Amino acid sequence: MNLLRRDALRKAALLGLGACSLSVLAQDGALRRPWPAGTPTPPVALPGFEGPGFELAQARGKVVLLNFWASWCEPCRSEMPALELLAQRYEARGLQVLAVNHRETDAALRRFLQQMPVDLPILRDADGAVARAYGVRIFPTSVLIARDGRAAFSVIGELDWTGPQARQWIEPLLG
């Protein structure tokens, strides 16, 4: 992660950017922010890009990671291989990793996938409504949703999803 982006995330954490003192800054600069108490988890019903769509209500019993990204976002691109490895590593334990593309055209997604093939299911947030509902303002942002369908926390910024910090954050949800 570049120093400018890491500095911006640290400042956001210090200023509170909707976060509380329970936020945790990972070594690589990603910010873990607990889901606000009493805030319901927004519904998700998105079409897939050249694949099946997804409805959060039908994923009860699984841990879901919604990764909000865009092809023009370099940290998003850098994070994709680690997200794919995470999905493979924890699929048998009930983790479902979904790449939620933010407001890009089919042509832009095809160009991206030609340059960087991705095996994760890609969902289309064509108007950005789901990202807004989840309070996404920085890309990438990932939201982890527990087996009961309630959001547990979000991770703002690029994270090494194969590293010890990610394992420490995800393992308790997989229980």
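In this text, all values refer to a predicted model and were calculated from it rather than measured experimentally. (Residues numbered from 1 in each chain as written. Predicted model: local features only at pLDDT ≥ 70, side-chain atom pairs only at ≥ 80, totals over all residues. Heavy atoms only, no water.)

Section: the sheet that holds strand 2 (residues 31-34)
Taken in spatial order, the 7 strands line up as 1-2-9-8-5-6-7 in an open sheet, and their pairing is mixed. Here the strands that pair on one side only, and so sit at the sheet edges, are strand 1 (24-25) and strand 7 (122-125). With 5 bridges joining them, strand 5 (residues 63-69) and strand 8 (residues 141-145) adopt antiparallel strand pairing. Bridge pairing in strand 8 links Phe 68 to Thr 141. Lying on the sheet, helix 5 (residues 164-174) is in contact with strand 1, strand 2, strand 5, strand 6 (95-102), strand 8 and strand 9 (151-156); it crosses strand 9 at an angle near 165°. (Pairing = 2+ DSSP bridges. Helix = DSSP H or I, 4+ residues; strand = E, 2+ residues; numbered from the N terminus. Contact = heavy atoms within 4.5 Å. Axes fitted to C-alpha atoms, helices over the stretch in contact; angles between N-to-C directions.)

Thoughts on the packing of helix 2 (residues 74-90) against helix 5
With their axes 13 Å apart at the nearest point, helix 2 and helix 5 run at an angle of 35° to one another. As helix 2 packs across helix 5, the resulting crossing turns out to be right-handed. Contacts from Leu 86, Arg 89 and Tyr 90 in helix 2 reach Arg 167, Ile 170, Glu 171 and Leu 174 in helix 5. In terms of residue class, the contact of helix 2 with helix 5 is built from 4 nonpolar, no polar and 3 charged. (Left-handed = near helix turned anticlockwise from the far one by under 90°. Nonpolar A, V, L, I, M, F, W, Y, C, P; charged D, E, K, R; others polar.)

Digging into the state of the cysteines
A covalent bond bridging the sulfur atoms of two cysteines is what the word disulfide describes. Within the structure shown, the criterion is met by 1 disulfide. The partner cysteine of Cys 73 in its disulfide is Cys 76, sulfur to sulfur 2.4 Å. Between Cys 73 and Cys 76 the sulfur-sulfur dihedral comes to about 80°; the bridge is accordingly right-handed. One exposure class covers both Cys 73 and Cys 76, and it is buried. (Disulfide = S-S within 2.5 Å. Buried < 20%, exposed > 50% of the residue type's maximum accessible area, 1.4 Å probe, protein only.)

So, the environment of Leu 83
Structurally, Leu 83 can be placed in helix 2. Sequence-distant contacts of Leu 83, that is, excluding residues within four places in its chain, are made with Leu 65, Asn 67, Val 97, Leu 120 and Trp 161.

Details of the pattern of salt bridges
One pass over the full model with this rule turns up 4 salt bridges. The partner of Arg 110 in a salt bridge is Glu 50, with the nearest N and O atoms 3.0 Å apart. Linking Arg 110 in helix 3 (residues 106-115) with Glu 50 in the loop between strand 3 (45-46) and strand 4 (54-55), this pair joins segments that are 60 residues apart in sequence. Notably, a salt bridge pairs Arg 93 with Glu 171, separated by 3.0 Å at the nearest N-O pair. Here Glu 171 lies in helix 5 and Arg 93 lies in the loop between helix 2 and strand 6, a separation of 78 residues in the sequence. In this structure Arg 93 comes out as partly exposed when scored by relative accessible area, which is 36%. Residue classification places Glu 171 among the partly exposed positions, given a relative accessible area of 30%. (Salt bridge = Lys/Arg side-chain N within 4 Å of Asp/Glu carboxyl O.)

Re the nonpolar core
Among the nonpolar cores identified, the biggest contains 54 residues, and Phe 54, Leu 66, Phe 68, Tyr 134, Leu 144 and Trp 161 are the most heavily contacted of them. Of all the elements, helix 2 adds the most residues to this core, at 7 residues. Setting aside residues up to four positions removed in sequence, Leu 66 forms contacts with Val 44, Phe 54, Leu 98, Val 100, Tyr 134, Thr 141, Ser 142, Val 143 and Ile 145. (Core = buried A, V, L, I, M, F, W, Y, C linked by side-chain atoms within 4.5 Å.)

Regarding helix 2
In this model helix 2 runs 25 Å from its N-terminal to its C-terminal C-alpha over 17 residues, within 8% of the 24 Å that 1.5 Å per residue would give. At Met 80, helix 2 shows its maximal bend, which comes to roughly 35°, and the proline Pro 81 appears one to four places after that position. All of the buried residues in helix 2 are Pro 75, Cys 76, Glu 79, Met 80, Ala 82, Leu 83, Glu 84, Leu 86, Ala 87 and Tyr 90. (Expected span 1.5 Å × (residues − 1). Bend = angle between axes of the 7 residues up to and from the residue.)

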